[in-house]
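So you can see what is in the structure, the chains are spelled out below.
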Amino acid sequence: MTLLNVENLTLEFDTDEGRITAVDNVSFTLEPGEVMGLVGESGSGKSVTAKSIMKLNPENAVYAPGSKIELAIGNEQIDAMSLKTSRDMKVVRGGAVSMIFQEPMASFAPAITIGDQMVEQLLLHKNMTKKEASNLSVEMLERVGISDAPKRFKQYAFELSGGMRQRAMIAMALSTSPKLLIADEPTTALDVTIQAQVIDLMKDLVAEFGMGIIFITHDLGVIAQTADKVAVMYLGRIIEQGLVREVIRTPAHPYTQGLLHALPNLEDLDAPLTPVPGDIPSPLERPRGCVFHTRCPVAMAGRCDAEVPQMQNVGPDHWTACFAVEDQRMAS
Ligand code: SF4
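Residues numbered from 1 in each chain as written. Predicted model: local features only at pLDDT ≥ 70, side-chain atom pairs only at ≥ 80, totals over all residues. Heavy atoms only, no water.

Caption draft 1: Seen up close, the site of the ligand. Around the ligand, 13 residues are found, and the nearest of them are Cys290, Cys296, Cys304, Cys322 and Phe323. Here the ligand is seated within the largest cavity. Split by residue class, the shell around the ligand holds 11 nonpolar, 2 polar and no charged. (Near = heavy atom within 4 Å. 1 Å grid on protein atoms, 1.4 Å probe; cavity = no way out; pocket = protein on both sides within 12 Å on 5 of 7 lines; lining within 4 Å. Sits in = over half its atoms within 2 Å of the grid points. Nonpolar A, V, L, I, M, F, W, Y, C, P; charged D, E, K, R; others polar.)

Caption draft 2: Seen up close, empty space enclosed by the protein. Summed over the entire model, instances satisfying the criterion amount to 2 cavities of 30 Å³ or more. In this structure, the largest cavity spans a volume of roughly 70 Å³. Taken together, 13 residues line the largest cavity, and the ones lying closest to its centre are Cys290, Cys296, Ala299, Cys304 and Cys322. Looking at the lining of the largest cavity residue by residue, the class counts come to 11 nonpolar, 2 polar and no charged. Computed from the structure, the second largest cavity encloses a volume of approximately 40 Å³. Along its surface, the second largest cavity is lined by Val35, Ile199, Met202, Lys203, Val206, Ile213, Phe215 and Thr226. (Points joined across faces, edges and corners; volume = space filled by probe spheres on them.)

Caption draft 3: The pairing of strand β2 (residues 18-30), seen in detail. In the sheet, strand β1 (residues 4-15) pairs with β2 via 9 bridges, with the strands oriented antiparallel. Directly across from threonine 15, in β2, lies its bridge partner glycine 18. In this antiparallel pair of consecutive strands, β1 and β2, the connection spans 2 residues. (Pairing = 2+ DSSP bridges. Helix = DSSP H or I, 4+ residues; strand = E, 2+ residues; numbered from the N terminus.)

Caption draft 4: Representation of the sheet that holds strand β10 (residues 229-234) in the model. Pairing within the open sheet is mixed, and its 8 strands lie in the order β7-β8-β9-β3-β10-β11-β13-β12. Looking at which strands have only one partner, the edges of the open sheet turn out to be β7 (97-100) and β12 (312-315). Each neighbouring strand pair of the sheet contributes to a mean axis angle of 20°, computed without reference to strand direction. Here β7 runs beside strand β8 (residues 180-184); their pairing, made up of 4 bridges, is parallel. (Axes fitted to C-alpha atoms, helices over the stretch in contact; angles between N-to-C directions.)

Caption draft 5: Focus on the environment of methionine 54. In this structure, methionine 54 sits in the loop between α1 (46-53) and β4 (61-63). Sequence-wise, methionine 54 and methionine 172 are 118 residues apart; in three dimensions their C-alpha atoms are separated by 17 Å.

Caption draft 6: Region of interest: the packing of helix α3 (residues 114-125) against helix α6 (residues 162-175). In contact at an axis separation of 9 Å, α3 and α6 are set at 15° when each is read in the N-to-C sense. Classified by the interaxial angle, the pair formed by α3 and α6 is roughly parallel. Crossing handedness for the pair α3 and α6: right-handed. Of the residues in α6, those touching α3 at Ile114, Gln117, Met118, Gln121 and Leu122 are Ala168, Ala171, Met172 and Ser175. The residue inventory of the contact of α3 with α6, partitioned by class, reads 6 nonpolar, 3 polar and no charged. (Parallel < 35°, antiparallel > 145°, perpendicular 65-115°, else oblique. Left-handed = near helix turned anticlockwise from the far one by under 90°. Contact = heavy atoms within 4.5 Å.)

Caption draft 7: Local environment of the environment of threonine 294. If you trace the backbone, threonine 294 turns up in the loop between α10 (254-261) and β12. Expressed as a C-alpha distance, the spacing of threonine 294 and cysteine 304, which sit 10 residues apart in the sequence, is 9.4 Å.

Caption draft 8: Region of the structure containing the packing of helix α4 (residues 130-143) against α6. Interhelical geometry of α4 versus α6 gives an angle of 130° and a closest axis separation of 9 Å. Put simply, α4 runs oblique to α6. α4 and α6 meet at a crossing whose hand is right-handed. Residue-level inspection shows Leu136, Met140 and Leu141 of α4 in contact with α6, the latter providing Ala168, Ala171, Leu174 and Ser175.

Caption draft 9: Seen up close, α10. Across the 8 residues that make up α10, a large majority, 6, are buried. Listed as buried for α10 are Pro254, Tyr255, Thr256, Gly258, Leu259 and Leu260. In the core, the buried residues of α10 are packed alongside β3 (35-39), α8 (220-226), β10, β11 (237-243) and α9 (244-249). (Buried < 20%, exposed > 50% of the residue type's maximum accessible area, 1.4 Å probe, protein only.)

Caption draft 10: Spatial organisation of the pairing of β11. In terms of burial, β11 is largely enclosed, as 6 of its 7 residues are buried. Across 6 bridges, the pairing between β10 and β11 is antiparallel. Looking at the pairing, lysine 229 lines up with leucine 243 of β11. Hairpin connection, β10 to β11: the antiparallel pair is bridged by 2 residues, and leucine 235 has positive phi, about 45°. Where β11 and strand β13 (residues 318-320) come together, 3 bridges link them in antiparallel fashion. Within β13, the residue paired with glycine 242 across the bridge is histidine 318.

Caption draft 11: Molecular detail of the packing of aromatic side chains. Per the counting criterion, the structure on display carries 4 aromatic pairs. Ring-pair connections join several aromatic residues into one group, and the members of that group are Tyr234, Tyr255 and Phe292. (Phe/Tyr/Trp six-rings, centres within 6.5 Å; stacked < 30°, edge-to-face > 60°.)

Caption draft 12: Here's a closer look at the pattern of salt bridges. Per the stated rule, a full pass over the model turns up 11 salt bridges. Across the pair glutamate 7 and lysine 68 runs a salt bridge, and its minimum N-O distance is 3.9 Å. Of this pair, glutamate 7 sits in strand β1 while lysine 68 sits in strand β5 (residues 68-73), and the two are 61 residues apart along the sequence. Aspartate 327 is paired through a salt bridge with arginine 303; the nearest N and O atoms lie 2.7 Å apart. (Salt bridge = Lys/Arg side-chain N within 4 Å of Asp/Glu carboxyl O.)

Now the structure itself:
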């Protein structure tokens, strides 16, 4: 059974300046044991999309009719859009679905020990005694490579190093055996060595627990190392998606090509980095037509600024929404 099915998700926020579109008609699926990368610059809508799954967006969020998020939990298909109360959400938040953040201090209360927080979460979501919850928590800390776990269990978050806190947060997120883990920029704040360790750890855990992971990042390099498939987002829309090896080797959309050209080339360190020109527009000034046309090097006036390109299949498990790609395929 498909673990997560997101279909036509459209989400707007009511703000003092007016209603802004944060997520626009987003669709994707995730199977158990699969890692999907959600990539894009800040403001692309990737975190808002992921938070929609756990209904963690603020109260001014308005979901458009027809938006669908379905989660397979046990043998049941749960309609996440219909979950309203915190009691309804209990099955999803911290139980079947866990989320880890860029800054682990956001996940831990500063005045409660790591161990007490892990135990409390287990008692809330699992049918176990306090002793069993304590034993499992220490075991999870050990599993994520924290040395002297019984000692760390009794410490506060501020007493741990950055890398250790990140691992403790992963241990806490995994202790309830979630079916889906949402990792929002989990390695961005870490130095490169620890980043590599955390990525390896997450890969091991997917293999061991068979869970699905949504990995949110602005870094396509990290996605190339971790994910099976990827969705590239820009101003709330998925503009390209598919198997990682297809998208990275043969990027079709000018924005994805731009993101890849902005990565350093280890084989040619003298090659200049060419970042995508300009900045992502404010959602209050959302461009008409293709949302990327204000920065696109091959935009066609009169077409790209007027019509919205639709997703087209451009290769095995590979789709993109771009008129230039469409024209090229028609011509060949
Ligand atoms: Fe560029 Fe037009 Fe393609 Fe958008 S649809 S990416 S503006 S060529």
